[in-house]
Amino acid sequence: MPRTLERVLAYLGDQPLSFEILAVDDGSSDSTAELVKRVAARDERVRLIREPHRGKGSAVRAGALVAAGRAVIFTDADLSHPDEELSRLPALLDNPAPLRGGAQVVIASREGTGAHRVGEPGYRHLMGRVFNLFVRLIAVPHVQDTQCGLKCFTREAARELFGGQTIEGFGFDVELLFLARKRDYRVIEVPITWRHVPASRVDPLRDTLRMLADVLRVRLNDLLGRYD
């Protein structure tokens, strides 16, 4: 975590923009929170948010709803993408002033022309593609990669979409994109280079099954009018 924060601070500090970094701790039992506190003590642009353990979706929502920037971007702590994406994605949004062709939601994609996956085991890729086929059939058509851990929103879109989010686990990405489509936000995918991190805490089989259940829950919520 300290290396991640220092890397992000170094990169964003060289960009012509103001920023804040919100590190959300999802009820960890290790020294994560204390390590973030040490960095925050040296740099006021870093802030720790402590949450009880509910899931990744809950943690990301907590940060997104209090983020003060005109662009709200979330990424996984392992930083599996090049640093440049932290400034490239917000540049595609339609604020501070509407831009021709701008979007309200910009998501990184590990699929499509120009995307590269580095070091990912074949079985992980296969499971991801099967899951994505299910997502496209059930909830979010035409999106090639709903699960890449790098997404960017205008502040207004973040407030509305995360405010309507109900899923607290790994399936929250699908729900956010479903809501974005339902609210007529423009969503664009940006191909990136993504490096597999072996130390990931995600269990490929168990968590994929949970995400499949979450996708079905999104459709059920919609049928029951919970997103209206």
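Heads up: these notes are all about the structure in this document. (Residues numbered from 1 in each chain as written. Predicted model: local features only at pLDDT ≥ 70, side-chain atom pairs only at ≥ 80, totals over all residues. Heavy atoms only, no water.)

Right, let's get into unusual backbone geometry. Positive phi, close to 70°, is recorded for histidine 142, a residue that is not glycine. Here histidine 142 lies in the loop between helix H5 (122–138) and strand S6 (150–154). Notably, aspartate 184 is not glycine yet its phi reads approximately 65°, a positive angle. Locating aspartate 184 in the fold gives a position in the loop between helix H7 (172–182) and strand S7 (187–191). (Helix = DSSP H or I, 4+ residues; strand = E, 2+ residues; numbered from the N terminus.)

With that out of the way, let us pick up the pattern of salt bridges. Using the criterion set out here, one finds 19 salt bridges in the structure. Note that arginine 110 and aspartate 145 form a salt bridge whose closest N and O atoms lie 2.7 Å from each other. Residue arginine 110 is located in the loop between strand S4 (105–109) and strand S5 (116–118), and its partner aspartate 145 is located in the loop between H5 and S6; the two are separated by 35 residues in the primary sequence. Between arginine 217 and aspartate 214 there is a salt bridge, and its shortest N-O distance comes to 2.9 Å. Linking arginine 217 with aspartate 214, this pair stays in helix H8 (residues 204–223), spanning three residues, or about one helical turn. For arginine 217, a relative accessible area of 34% gives the class partly exposed. (Salt bridge = Lys/Arg side-chain N within 4 Å of Asp/Glu carboxyl O. Buried < 20%, exposed > 50% of the residue type's maximum accessible area, 1.4 Å probe, protein only.)

For serine 80, the location among the structural elements is in the loop between strand S3 (71–75) and helix H4 (85–88). Along the primary structure serine 80 and arginine 206 are separated by 126 residues, whereas in three dimensions their C-alpha atoms are 22 Å apart. Side-chain polar atoms of serine 80 contact the side chain of aspartate 78, separated by 2.9 Å. (Polar contact = N/O pair within 3.5 Å; in protein donor to acceptor, adjacent residues only side chain to side chain.)

Here the focus is the pairing of strand S1 (residues 21–26). In the sheet, S1 pairs with strand S2 (residues 46–51) via six bridges, with the strands oriented parallel. Residue pairing across strands places leucine 22 opposite arginine 47, the latter belonging to S2. Read as a crossover between parallel neighbours, the route from S1 over helix H2 (residues 32–42) to S2 is right-handed. (Pairing = 2+ DSSP bridges. Right-handed = clockwise from strand over helix to strand, strands pointing away.)

Now for the nonpolar core. In terms of nonpolar packing, the biggest core is built from 30 residues, with Val105, Val140, Phe153, Leu161, Phe162 and Val174 touching the most fellow members. The set of elements that each furnish at least two residues to this core consists of helix H3 (56–66), S3, S4, H5, helix H6 (155–163), H7 and H8. The element contributing the most residues to this core is H7, with seven residues. Excluding its chain neighbours within four sequence positions, the residues that come into contact with phenylalanine 162 are Val60, Arg61, Ala64, Leu65, Phe74, Phe153 and Leu176. (Core = buried A, V, L, I, M, F, W, Y, C linked by side-chain atoms within 4.5 Å. Contact = heavy atoms within 4.5 Å.)

Turning our eyes to something else, we now look at the packing of helix H1 (residues 2–13) against H2. Between H1 and H2, the least distance of the axes is 9 Å, while the angle of their chain directions is 30°. With respect to each other, H1 and H2 are oriented roughly parallel. Of the residues in H2, those in contact with Pro2, Leu5, Glu6 and Leu9 of H1 are Leu35, Val36, Val39 and Arg42. Of the residues in the contact of H1 with H2, the class split is six nonpolar, no polar and two charged. (Axes fitted to C-alpha atoms, helices over the stretch in contact; angles between N-to-C directions. Parallel < 35°, antiparallel > 145°, perpendicular 65-115°, else oblique. Nonpolar A, V, L, I, M, F, W, Y, C, P; charged D, E, K, R; others polar.)

Another point: the state of the cysteines. Enumeration according to the criterion identifies zero disulfides in this entry. Distance from the sulfur of cysteine 148, which forms no disulfide, to the nearest cysteine sulfur (cysteine 152) is 13 Å. For cysteine 152, a relative accessible area of 0% gives the class buried. (Disulfide = S-S within 2.5 Å.)

On to the packing of aromatic side chains, then. Remark: the centre distance and the inter-plane angle together describe each pair of aromatic rings, the angle taken between the planes. Under the criterion given, the structure shown has five aromatic pairs. Plain terms: the ring middles of phenylalanine 74 and phenylalanine 153 are 6.3 Å apart, the flat faces sit at 20° to each other, and that makes the pair stacked. Of this pair, phenylalanine 74 sits in strand S3 while phenylalanine 153 sits in strand S6; the two residues are 79 residues apart in sequence, bridging distant segments of the chain. Using a relative accessible area of 10% as the deciding quantity, one classes phenylalanine 74 as buried. (Phe/Tyr/Trp six-rings, centres within 6.5 Å; stacked < 30°, edge-to-face > 60°.)

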